[in-house]
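This is what each chain is made of:
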Amino acid sequence: MKVQDFVDALGADFFTGVPDSQLKALCNYLMNTYGIDAKRHVIAANEGNCAALAAGYHMATGKVPVVYMQNSGEGNIINPVASLLNDNVYAIPTIFVIGWRGEPGIHDEPQHVYQGMVTVKLLDDMDIQSYVLDKETSLDDLKAKMEEFKGLLAKGKQVAFVVRKGALSYDEKVEYKNDNAMVREEIVRHIVAATGEDVIVSTTGKASRELFEIREANGQSHKYDFLTVGSMGHASSIALGVAVNKPDRKVWCIDGDGAALMHLGAMAVVANIAPKNMVHIVINNGAHETVGGMPTVASGLNVAKLAETIGYPKAVRVDTFEALDKALKDAAEAKELSLIEVLCSIGARDDLGRPTTTALENKENFMKFLAE
Ligand SMILES: Cc1ncc(C[n+]2csc(CCOP(=O)(O)OP(=O)(O)O)c2C)c(N)n1
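Residues numbered from 1 in each chain as written. Predicted model: local features only at pLDDT ≥ 70, side-chain atom pairs only at ≥ 80, totals over all residues. Heavy atoms only, no water.

> When you look at the pairing of strand β13 (residues 314-318) in this model, what are you seeing that I'm missing?
Both faces of the sheet carry side chains from a regular strand, because those side chains alternate between them. Note: β13 against strand β14 (residues 338-343), five bridges, orientation parallel. From the neighbouring strand, K314 faces β14, where its bridge partner is S338. Remark: the β13/helix α13 (residues 321-333)/β14 crossover connection has right-handed handedness. (Pairing = 2+ DSSP bridges. Helix = DSSP H or I, 4+ residues; strand = E, 2+ residues; numbered from the N terminus. Right-handed = clockwise from strand over helix to strand, strands pointing away.)

Following this line, the structure appears as C-alpha cells:
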C-alpha cells in the first residue's frame, strides 16, 4: 500500500515517533511532507515520550494523534499507556503504528526474536486492539478497519497497526546528511586501536556491527566487547555497572546520539557515580543512522558541554581524526571519568554485516574475560 493512502486513511494531522527501518516508507514520507514541525511531526527521544506528547496534543486539540515506532519501543510505551492513556485513567485516544521486527517464522536478529513473539500479545495485554498490515492489505480493508477503530477511539481507547515488512511503500528518496567529515566505521577503528585490551560496551545499531567486523578484520577476539544489540539507550548504564565492579579495568562505552538521548538521565547517574575507569564516547551524527538517517535533536546539541554541565569531570568535542586520537590517548591515561563527543557524518557501508556469534556467546566470552 502506498504510504500516502495509509496516512490519508488514518485521518490524523499529528505524528510523533522514533524511526524504524521497517517503517522507513512512513518516516521518509513524514520527513518529506512535514519535515520536523512541532505541530505536525516530531521525532521524540523515546517512544514513551511520544505517547506523552500525543496526550498533550490530544488534550489541546481534541484530535487523535499517531505514534509510530519499532516494536522494540513497546517496552518504552507501556508505562505511559497503562498509567496515562488507558481508559481507566485519562482515556487518551491514540493510533499506534508499529514496525514488526522478529515476526515469528521470519528470520531476524536475536534482539528482535522475543520482542517479535510478544508484540501482539503485549498490545492485547495493554487493551490495545491491533490489526496486522501486510503487502496484501487493500485500502478497502484498511478503511473498514479504521471505521471499526473509530468507535474505540471515541471511547478513549488506543488502537494499533502492526506493520509487516514491505507493507508500506514510498518511492521518493530522502537524503539525510550533515557537514561532518568523519565516518563512523573509521571512528570505531580508531577507538579499537586506542583501547588495546580494555573493555568496550557498544551501542545498539551499526556501531556495534562495525566494531564486530573490525575485530574480525584485525583477527582479534570479540571477548573485549559487549554489543548492546537491543535495549537502545542503555549501553552507558551497562558500562557503568561493569566499570564500578571491575575497577582495575578501563571500560569504554561507544554510544550514539540517538541512544544517549533516548535515556539521557543515565548520563546524570554516570556523572554522579563518576567511575575513574570509564570513558563515555558519544558518536554524534545528529541522526538515527542505523534505521535510515532520520534526525535526532543532537545536531543542535553540544553533548560535551551537556556532559560537563551534568557533572562529567572532563568532556571534549572533536571533529578531526587528529583531535580524536589525542582525546583517546588522554582518556586512556586519565584517572577520571571522561566523555568524548565525536562529530560524525551520516552513512555506512552497504555491505556491513551482522555479528556471526550469538548473543549468549557474546555474553559468555565477555564474562570470562572480565573474570580473568
Ligand atoms: C527502543 C528502541 N527504539 C527504536 C529502535 C530502533 N533503532 C535501532 S538503532 C536506532 C538508531 C540509533 O541512533 P544512534 O544512537 O544515533 O546511532 P546511529 O544509528 O546514528 O549510529 C533505532 C531508532 C530500537 N532498537 N529500540
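And the narrative resumes.
> How do you make sense of the packing of aromatic side chains when you look at a structure like this?
The description of two aromatic rings rests on the distance between their centres and on the angle between their planes. By the definition in use, this model includes eight aromatic pairs. Over the ring of F369 we find R249; its NZ or CZ atom is 4.2 Å from the centre of that ring. (Phe/Tyr/Trp six-rings, centres within 6.5 Å; stacked < 30°, edge-to-face > 60°. Lys NZ or Arg CZ within 6 Å of the ring centre and 35° of its normal.)

> I tried to follow the site of the ligand on my own but got confused; where do I start?
Near the ligand, the surroundings consist of 21 residues, among which E47, R184, G258, A287 and T290 are the closest. At 2.8 Å from an oxygen atom of the ligand is found a side-chain nitrogen or oxygen belonging to R184. Between an oxygen atom of the ligand and a main-chain N or O atom of A287, the distance comes to 2.8 Å. Within the complex, the protein chains bury 95% of what would otherwise be the 580 Å² of accessible surface of the ligand. (Near = heavy atom within 4 Å. Polar contact = N/O pair within 3.5 Å; in protein donor to acceptor, adjacent residues only side chain to side chain. Areas by Shrake-Rupley, 256 points an atom, 1.4 Å probe, with all protein chains shown as cover.)

> What is the right way to look at the sheet that holds strand β9 (residues 251-256) in this model?
Strand order in this open sheet of six strands is β8-β7-β9-β10-β14-β13, and the pairing throughout is parallel. Strands with a single pairing partner mark the edges of an open sheet, and in this sheet they are β8 (225-227) and β13. On average, each strand axis in the sheet is inclined to that of its neighbour by 15°, with strand direction left out of account. In terms of strand pairing, strand β10 (residues 278-284) meets β14 through six bridges, oriented parallel. Residue pairing across strands places I283 opposite V342, the latter belonging to β14. In the packing of helix α9 (residues 235-245) onto the sheet, contacts are made with β7 (199-202), β8, β9 and β10, and the angle to β9 comes to roughly 175°. (Axes fitted to C-alpha atoms, helices over the stretch in contact; angles between N-to-C directions. Contact = heavy atoms within 4.5 Å.)

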